[in-house]
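Secondary and tertiary structure notes
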Amino acid sequence: MCGIVGYIGNKNAYPILIKGLQRLEYRGYDSAGVALLNGQVNVYKKKGKVSDLEDYITGQDIRGTIGIGHTRWATHGEPSDVNAHPHTSQNGTFTIIHNGIIENYSNLKNSLTEQGYSFVSETDTEVLANLIEYIYRTQETNAEIAVRIALSKVVGAYGLVIICNEEKDKIIAARKSSPLVIGLGDDEYFLASDATPIVEYTDRVIYLNNDDVAIIKKDELILKTIKNDILEPNVQKLDLGLSEIEKNGFDHFMLKEIFEQPRSIRDTFRGRLNAEKNEIRLGGLYHVYDQLVNAKRIIILACGTSWHAGLVGEYLFEDLARIQVEVDYASEFRYRNPVISEEDIVIAISQSGETADTLAAIQLAKEAGATVLGICNVVGSSISRETHAGVYTHAGPEIGVASTKAFTAQVTVLTMMAMMIAREKQLISVEKFTGLIKELEDIPEKIGKILENNDQFSDIAKIYKDATNALYLGRGVSYPVALEGALKLKEISYIHAEGYPAAEMKHGPIALIDENMPVVVIAIKDSSYDKIVSNIQEVKARNGIVIAIVTEGDDTIEKMVDHVIAIPETDPSLVSLLSTIPLQLIAYYIAVMRGCNVDQPRNLAKSVTVE
Ligand code: M6R
């Protein structure tokens, strides 16, 4: 949450900052601001989107070869001009942008108030700006030392970029629990919350680690710890193309990402499946392979859509690999007193790899001695670095706030893991194993077929766009798909939607059903088919409207329901990869028809880096 950018070099910083903020806007869009250093520091900030900031800045002085910019997801203080970043210290010495939360800001604020400081905003960030300035003045030290001392007094999370009005040749950056990447150019450096604003300028990057502080001049970078230990920068090559972060002709990133799924799933299994050799190779798991195969229990931790992927994983690991699985919200797990043993395998799933609750849950599991694996999409992200081992999903950057291709890529990885263990334990025959590999290899083509019938989803959306509620039902592995379908609809269209295990309907939700209630039922041909047919009849008996996702060739359900969407047949273990696609598209078209901002739904941000 919150996107930060910075530039120091010989070019005009403003266009680089604005473009960077546009790329990072998915991280928060309550307000935006920039500060430009050109003899003096000019700060421009505005409530609303980056485009509102651009309108506001038109005609103002935008010169400066050093600058910082911020797009905000509000934590402390409502979205407003005054609470927007950058924040400047009382005497104008320090101007800072911040992603994260200063947990002890209230105590720090009280102490600074006693020292004569007053505050114009309600933010924790302004407190930090003043703390740095107070230390700088009272200890008569330089900016870097003042920053390091201030950070040693801070409890919380930060990705920080700072400019000092009295040391005009540098930018200071620091990181703890909120991501920060530095791009290395020729006599110039770029800073950002993730690599997307950097990719068009350089492919050489440094991912800051917790407690790192970088002192950056246009031709020099010094990396050290808060405690002043010098560090050797680890320069990595960025594996990201510009076209991956652009809409490429689609109206929205979400639609582009839905249509990318044949490619993203193929990239996720590419080089990992080998039907001829009866093998699945997940290189990132080699050194934990034996532990994983022999695990008595797997605990899956995640949030939101990634948690839904975890629920699919539960079915797969239990069904194929016969391992007991618990799936928990990371936010619940970390505040319980969970029973964790050294034999446990914990799998943390996260698209961004930065979700604060998931990171904290990983920490807890590691402290208890468990082996923690990550399934992440963003290469170099915090979770991928905090875990003992892991598998990248290779879905490519996901920019729409609603997660789509990340979900199917996560399910693909979980499927490969479950199959790999099942085969190693000889729980499935060679024939079944190679059959599954072939089915998995066919999934991209089958998704392609679903996408070809795109019109049916917008037709259904047209009919139900004004619904106020919707119910999603599924059994077995289709239950998490129902949850995911409901989440997609509610988060982008603001229609209240609930996902339920179909059999649970009779224990309460059935009371909601009337002639206005669309009920989406995932009714594919699997072992619970007859049961789900009964559930459909129960809905129809109460005049409910049923939209059924069925297996191609099913002519039984077609006669019973209002709308039928057929998906190609596949192995029941893989069906969630197909049945999810129509639900993503129905949610997308409904949101578009309701005039919602699909890629940036209200109140949300792409990576939730605060708890
Ligand atoms: O980056 P993560 O996968 O850890 O994010 C988890 C959730 O915040 C995320 O899936 C969220 O629920 C999405 N908005 C769902 O579309």
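As a starting point, this report considers the structure included with it.

**Section: the nonpolar core**
- If you look at the biggest cluster of nonpolar residues, it comprises 93 residues, and the most contacted ones within it are Leu285, Ile298, Phe317, Ile347 and Met417.
- For this core, the domains that each give at least three residues are domain 2 (247-450) and domain 3 (453-611).
- Beyond its immediate chain neighbours, meaning those up to four positions away, Phe317 contacts Ile298, Ile300, Arg322, Ile323, Val325, Ile347, Leu414, Met417, Ala418 and Ile421.
- With 31 residues, the next largest nonpolar core counts Val50, Ile57, Val199 and Leu238 among its residues.

**A few points about the side chain of Ser80**
- Turning to its location among the elements, Ser80 is positioned in the loop between β4 (66-72) and β5 (87-88).
- Residue classification places Ser80 among the buried residues on the basis of a relative accessible area of 12%.
- Engagement of the side chain of Ser80 in a polar contact is seen with the backbone nitrogen of Asn83, the distance being 3.1 Å.
- Look past the residues within four positions of Ser80 in its chain and what remains in contact with it is Ser31 and Lys47.

**Points about a negative patch on the surface**
- There is a patch of like negative charges on the surface, built from Asp186, Asp187, Asp219 and Glu220.
- Following the sequence through the fold, Asp187 ends up in the loop between β9 (181-184) and β10 (189-192).
- For Asp187, a relative accessible area of 44% gives the class partly exposed.

**What about the packing of helix α13 (residues 405-424) against helix α14 (residues 430-452)?**
- As a packed pair, α13 and α14 sit with axes 10 Å apart at the nearest point and diverge in direction by 165 degrees. Of the possible angle classes, the one that applies to α13 and α14 is roughly antiparallel. The crossing of α13 and α14 is left-handed. Mapping the contact onto sequence places Thr412, Met416, Met419, Met420 and Arg423 in α13 and Val430, Phe433, Leu436, Ile437 and Leu440 in α14.
- By residue class, the composition of the contact of α13 with α14 is eight nonpolar, one polar and one charged.

The rules behind each value
- Residues numbered from 1 in each chain as written.
- Predicted model: local features only at pLDDT ≥ 70, side-chain atom pairs only at ≥ 80, totals over all residues.
- Heavy atoms only, no water.
- Core = buried A, V, L, I, M, F, W, Y, C linked by side-chain atoms within 4.5 Å.
- Buried < 20%, exposed > 50% of the residue type's maximum accessible area, 1.4 Å probe, protein only.
- Domains from an automatic or database assignment.
- Contact = heavy atoms within 4.5 Å.
- Helix = DSSP H or I, 4+ residues; strand = E, 2+ residues; numbered from the N terminus.
- Polar contact = N/O pair within 3.5 Å; in protein donor to acceptor, adjacent residues only side chain to side chain.
- Patch = residues over 30% accessible without salt bridge, like charges linked within 9 Å, V, L, I, M, F, W, Y side chains within 5 Å.
- Areas by Shrake-Rupley, 256 points an atom, 1.4 Å probe, with all protein chains shown as cover.
- Salt bridge = Lys/Arg side-chain N within 4 Å of Asp/Glu carboxyl O.
- Lys, Arg positive; Asp, Glu negative; His and termini not counted.
- Charge placed at Lys NZ, Arg CZ, Asp CG, Glu CD.
- Axes fitted to C-alpha atoms, helices over the stretch in contact; angles between N-to-C directions.
- Parallel < 35°, antiparallel > 145°, perpendicular 65-115°, else oblique.
- Left-handed = near helix turned anticlockwise from the far one by under 90°.
- Nonpolar A, V, L, I, M, F, W, Y, C, P; charged D, E, K, R; others polar.

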